[in-house]
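Below, each chain spelled out in residue letters.
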Amino acid sequence: MKLVLAVIQDADATALVRALSENAFEVTKLASTGGFLREGNTTLMIGVSDERLDELKRFVKQTCRTRSRLVAPSVPMGEQSEGLVNDPVEVPVGGAVMFVMGVQEFVKV
């Protein structure tokens, strides 16, 4: 048995939770914040048997896509100079980060 913590973008959360629930994965959804842009994201706690771990990874990969985003560079006021360009920079965001942990005991009451 494994516990998977999947950190995904909020934009992908509804579709992934629906897909997992329709395929008999038990999911607990937690709101979280963090990452490079300090935006809201979603952390899913998913209990999964060793045999279904690859199937779970496929659902996450199919549902959680990477996007490009324009971000204004943040340079502290004291470090700005006339030669710096403050144009937005395109950065990749999204996808998923998954932590897979062994579960010693699972109790459902």
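Computed from a predicted structure; not experimentally measured.

(A) Molecular detail of the environment of Val-17. For Val-17, the location among the structural elements is in helix H1 (residues 10-22). For the pair formed by Val-17 and Leu-44, sequence separation is 27 residues and the distance between their alpha carbons is 8.4 Å. For Val-17, the contacting residues outside a window of four places in its chain are Val-27 and Leu-44.

(B) Molecular detail of unusual backbone geometry. Backbone geometry places Ala-24, a non-glycine residue, at a positive phi of 65 degrees. Structurally, the position occupied by Ala-24 is in the loop between H1 and strand S2 (26-34).

(C) Layout of the nonpolar core. Ile-8, Leu-16, Leu-20, Phe-25, Leu-44, Ile-46 and Leu-56 are the most contacted members of the largest nonpolar core, which totals 16 residues. Taken together, the elements giving at least two residues each to this core come down to strand S1 (2-9), H1, strand S3 (39-48) and helix H2 (53-63). For Ile-8, the contacting residues outside a window of four places in its chain are Ala-13, Leu-16, Asn-41, Thr-42, Leu-44, Cys-64, Gly-95 and Ala-96.

(D) Fine view of a nonpolar patch on the surface. Taken together, the side chains of Val-97, Phe-99 and Met-101 present a nonpolar region at the surface, about 260 Å² in accessible area. Position of Phe-99 among the secondary structure elements: in strand S6 (residues 96-102). Classification of Phe-99 as partly exposed rests on a relative accessible area of 45%.

(E) Just the confidence of the model for the chain, in detail. Residues of the chain with pLDDT of at least 70 account for 81%, and the chain-wide mean is 84. No element of the chain has a lower mean pLDDT than strand S5 (residues 89-94), at 69, and none a higher one than H2, at 96.

Conventions used here
- Per chain, residue numbering runs from 1 following the sequence as it is written.
- Given that the model is predicted, a residue must reach a pLDDT of at least 70 before its local features are reported, and side-chain atom pairs must reach 80 or more before they are shown or counted; all residues, however, enter totals for whole chains, interfaces and linings.
- Computation of side-chain values: all heavy atoms of the structure, hydrogens and water removed.
- Helix and strand assignments come from DSSP, with helices taken as H or I runs of at least 4 residues and strands as E runs of at least 2, each series counted from the N terminus.
- In this description, contact between two residues means that some pair of their heavy atoms is separated by no more than 4.5 Å.
- Definition used in this section: a nonpolar core is a set of buried Ala, Val, Leu, Ile, Met, Phe, Trp, Tyr and Cys residues joined via side-chain atoms within 4.5 Å.
- Think of it in three bands: with a 1.4 Å probe and only protein chains considered, a residue is buried below 20% of the maximum accessible area for its type, exposed above 50%, and partly exposed in between.
- To count toward a patch, a residue needs a relative accessible area over 30% and no salt bridge; like charges are then connected within 9 Å, while nonpolar side chains (Val, Leu, Ile, Met, Phe, Trp, Tyr) are connected within 5 Å.
- The accessible surface values rely on the Shrake-Rupley method and a 1.4 Å probe; as for residues, cover is taken only from the protein chains in view.
- Each salt bridge in this description consists of a side-chain nitrogen of Lys or Arg and a carboxyl oxygen of Asp or Glu lying within 4 Å of one another.
- You can read pLDDT as the predictor saying how much it trusts each residue, on a scale of 0 to 100.

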